[in-house]
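What follows is the residue order along each chain.
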Amino acid sequence: MDPNNTAQPQPARASKSSQPTFASYQRHGRTTAIDDHHDLQVLKRIKRYLLPKDFVISQDLLEEMVAGYDIGDPLTDTLAADGLRFAKPLQQLILDNKTDSKLTAHPSFCALAEQFSDHPTWFDPQLAQTGAVAYRRYPLMLIWLLRNVALMAGYSIPALSLPLIQTGALMHDALPRLMRTYAYILAVSEHPLLPKTSTRVPIDSVLAIGSEGWRQSIQVRQIHTLVRQNLLSGKNNAAKGVATEADQHRNPDGSWNTAYWGVPINQTDMIATHLQFSLLILRGLRLLGARISSEEAEGILHLWNLASYWMGVDLERLPKDEAACWEWLYTYLSIQQLDFEMGQPLAKALHDLPRQLMGEDNRHGRFVEMVNASVTRTLVGDDIGDGLALPKSKLRFGVLSSVPILFALDTARQHNQTVATKLEAFRAKRQDNMNWWLKKNDAYYQ
């Protein structure tokens, strides 16, 4: 990736030519034929409601995806290979002008510093602000969709779930991982003012240089880099007893099998994660009754384009608009090997959180778990819900009762400034309450 690339992300448009007839894209064991999952509910819904009637999968996009499996984050991977950590020195260099001679002499670190020192020319702060306001408007819906759609949907894909299993993420530390992920997606869309005692200029725009979203993007990028290096060397063994050696497809020496899986946390899988946090949450909000305009939808995607760029995604690979995003996601899901059994431990750990917090016999905890499972089944599909062994509820479609309520509130908000002000105050208070675990247990947020 060229960190100085300032061009707008190019659309990953599907070709309107004939359907691909050969499988040159099947160069990794993780990749299936494009029609293997034609009956998957989520694919049928995307094709019926969100794609052009004449849509066919593009051979060029397939080849681009498969090539992306073998590319991690060239800049930070080079630093990791040299035993260098960059997150703290990078922030100190840009915000406080403190230099580390060893790092500033490294070409990759200099390229990173240039990337994080200013916004690329294609970034539109006003568009991002519009998207951020819409994205964070519904904090309860946001965490619903994060845990029950964005995360759960990925657990059926072993290429996405195996790194989490091998590192123990979202399985042994489900609550901290969930809350920190939630905190990050909020940081991307928030711009809190710095304390009055701070000597720095207050943050007054979303994803400003020095904002919480900027800081956490740097930190997440370093974590991804270190995890990638550890997985490639076979240092993470948390999958023992959870996934069989055969299912993990390790190399004979126990290291990560790139011929089968591609590089862990690669370019293609990072774009899939980008769409989990942007496109799927956007779609979920609309299905639950949120009135999100086309400009707000464009703003949400624009906001996450910058966050993903900062996390190491090559801009040229990002789909440009909402239509292209659905074409990209449909193509990606069509060729992913599925393994529900591998994803079940992750799904169970996430599903069981309410009763872990409230007590095994707590009725409210059981009710929350059933609501969560119902959100997954309603918005993602019963086939994935069954595969992940999520419970069924007779009242599962009760989650859709939020649609007229949210729609009515949004209508009132759009036409009455007093209502809009009160709803924003409620949102801020509710969101702060939902960060209770971080404020109590994570020193970073205290």
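Bear in mind the structure is a predicted one, so any value in this text is a computation, not a measurement.

(A) Highlighting the overall build of the chain. When its secondary structure is counted, the chain shows 23 helices and 0 strands. Counting all 446 residues of the chain, 55% fall into the buried class. Contacts spanning at least 24 positions in sequence make up 79% of the contacts within the chain whose residues lie at least 6 apart. As presented, the chain carries roughly 19900 Å² of accessible surface, and 54% of it is formed by carbon and sulfur atoms.

(B) Here's a closer look at the nonpolar core. Of all hydrophobic cores here, the largest spans 124 residues; its most connected members are I185 and W304. Here the element with the most residues in this core is helix α8 (residues 139–154); it accounts for 11 residues. In this structure I185 touches Y135, L142, L146, F277, I281 and W304, once residues within four positions along its chain are discounted.

(C) Looking closely at unusual backbone geometry. Positive phi values are uncommon outside glycine, yet I265 reaches one of about 50°. Mapped onto the elements, I265 comes out in the loop between α13 (258–261) and α14 (267–287). We note that A389 has phi near 60°; this positive angle belongs to a residue other than glycine. For A389, the location among the structural elements is in the loop between α20 (382–387) and α21 (402–415).

(D) Looking closely at the pattern of salt bridges. The full count for this structure, using the stated rule, is 14 salt bridges. One salt bridge connects E296 with R137, and the closest N-O pair in it is separated by 2.9 Å. Of the two residues, E296 is situated in helix α15 (residues 294–310) and R137 in the loop between α7 (125–135) and α8; the sequence distance between them amounts to 159 residues. Here E296 falls in the buried class, since its relative accessible area comes to 12%. Under the relative-accessibility criterion, R137 is labelled buried at 14%. Residue R250 is joined to E245 by a salt bridge in which the shortest nitrogen-to-oxygen separation is 3.6 Å. The network of salt bridges with common partners includes R377, D382, D386 and K392.

What counts and how
- Residues numbered from 1 in each chain as written.
- Predicted model: local features only at pLDDT ≥ 70, side-chain atom pairs only at ≥ 80, totals over all residues.
- Heavy atoms only, no water.
- Helix = DSSP H or I, 4+ residues; strand = E, 2+ residues; numbered from the N terminus.
- Buried < 20%, exposed > 50% of the residue type's maximum accessible area, 1.4 Å probe, protein only.
- Contact = heavy atoms within 4.5 Å.
- Areas by Shrake-Rupley, 256 points an atom, 1.4 Å probe, with all protein chains shown as cover.
- Core = buried A, V, L, I, M, F, W, Y, C linked by side-chain atoms within 4.5 Å.
- Salt bridge = Lys/Arg side-chain N within 4 Å of Asp/Glu carboxyl O.

Functional significance is not addressed by these values, which are geometric in nature.
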